[in-house]
Amino acid sequence: YLADEKLDLGEIVHALADGIAAADVFPVLCGSGTAHIGIDRLLRFIVDEGPPPTVHDGEAAAFVFKTIADPYVGRVNLFKVLAGSVRSDDHLTNDRTGADLRLHQITTICGKEQEPTPEVGAGDIGAVAKLTDTATGDLLRASGATVTVDPLESPPPVLATAVRAATKADDD
């Protein structure tokens, strides 16, 4: 097939990484998440062979994938950076509302702990509190960013009726 030519391991790795980045090559790796077989190799493969998130460099764009209520700071929006990097005190525009938002303090969340961070790069997840008029499914981006995201579709409700207590005393 290769006409008796020898391929250097570096050439193979580089060609594989280029093929994955161009979406021409789709590697298949086998393993079991429930039995913890091959997961370490899968993660190592993603790190070593997958394209870095900096491939999507450019103007900052972030997708809000979850909104939670924190008892101390109020609403916290969790977002994934799709392009560029998002820094504390950046101004981004909400695609849905058109509002200009200032991201005061960006944090990373690990369990219940929130750790302030100056910057979140492409492919990483961050959180920011007290964004007005921002909800799950919103796209936040800098002017000039050309990233688009399909809107989130909510599944149909399982139950069509809800029962609520008329007063707090009737809650039980």
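A.B. asks: Give a description of the overall build of the protein that names residues and reports values.
C.D. replies: The helix and strand inventory of the protein stands at two helices and 10 strands. Of the regular secondary structure in the protein, the N- to C-terminal order runs α-α-β-β-β-β-β-β-β-β-β-β. Relative to a compact globule of 172 residues, whose C-alpha radius of gyration would be 16 Å, the protein shows 22 Å and is clearly more extended. In terms of overall dimensions, the protein has a C-alpha envelope of 85 × 40 × 30 Å along the principal axes. With 172 residues in all, the protein has 22% of them scored as buried. Residue pairs at least 24 apart in sequence account for 58% of intrachain contacts in the protein once pairs closer than 6 positions are excluded.

A.B. asks: An account of the nonpolar core is needed here, citing residue identities and associated values.
C.D. replies: Counting 15 residues, the largest nonpolar core has Phe79, Val86, Leu92, Leu103, Ile106 and Leu140 as its most contacted members. Non-local contacts of Leu140, meaning those with residues more than four positions away in its chain, are made with Ala60, Ala61, Ala62, Val64, Leu92, Thr93, Asn94, Leu101, Leu131 and Thr134.

A.B. asks: Can you explain a nonpolar patch on the surface? Please cite residues and give values.
C.D. replies: On the surface, Tyr1, Leu2, Leu7, Leu9, Ile12 and Val13 cluster together into a nonpolar patch covering about 690 Å² of accessible area. Structurally, the position occupied by Val13 is in helix α1 (residues 9–21). Owing to a relative accessible area of 31%, Val13 belongs among the partly exposed residues under this scheme.

A.B. asks: I'd love a proper account of the layout of surface pockets, names of residues and values included.
C.D. replies: Here the largest pocket is characterised by a volume of approximately 150 Å³. Around the largest pocket, the lining residues are Val73, Val76, His104, Gln105, Thr107, Gln114, Pro116, Ala127, Val128 and Ala129. Of all elements in the fold, only β7 (113–116) and β9 (125–129) reach the threshold of two or more residues within the lining of the largest pocket. By residue number, the principal contributor to the lining of the largest pocket is β9, which donates three residues. Taken together, the residues of the lining of the largest pocket sort by class into six nonpolar, four polar and no charged.

How each quantity is defined
- Residues numbered from 1 in each chain as written.
- Predicted model: local features only at pLDDT ≥ 70, side-chain atom pairs only at ≥ 80, totals over all residues.
- Heavy atoms only, no water.
- Helix = DSSP H or I, 4+ residues; strand = E, 2+ residues; numbered from the N terminus.
- Rg over C-alpha atoms; globule rule 2.2 N^0.38 Å.
- Buried < 20%, exposed > 50% of the residue type's maximum accessible area, 1.4 Å probe, protein only.
- Contact = heavy atoms within 4.5 Å.
- Core = buried A, V, L, I, M, F, W, Y, C linked by side-chain atoms within 4.5 Å.
- Patch = residues over 30% accessible without salt bridge, like charges linked within 9 Å, V, L, I, M, F, W, Y side chains within 5 Å.
- Areas by Shrake-Rupley, 256 points an atom, 1.4 Å probe, with all protein chains shown as cover.
- Salt bridge = Lys/Arg side-chain N within 4 Å of Asp/Glu carboxyl O.
- 1 Å grid on protein atoms, 1.4 Å probe; cavity = no way out; pocket = protein on both sides within 12 Å on 5 of 7 lines; lining within 4 Å.
- Points joined across faces, edges and corners; volume = space filled by probe spheres on them.
- Nonpolar A, V, L, I, M, F, W, Y, C, P; charged D, E, K, R; others polar.

These results come straight from atomic positions and should not be treated as a statement about function.
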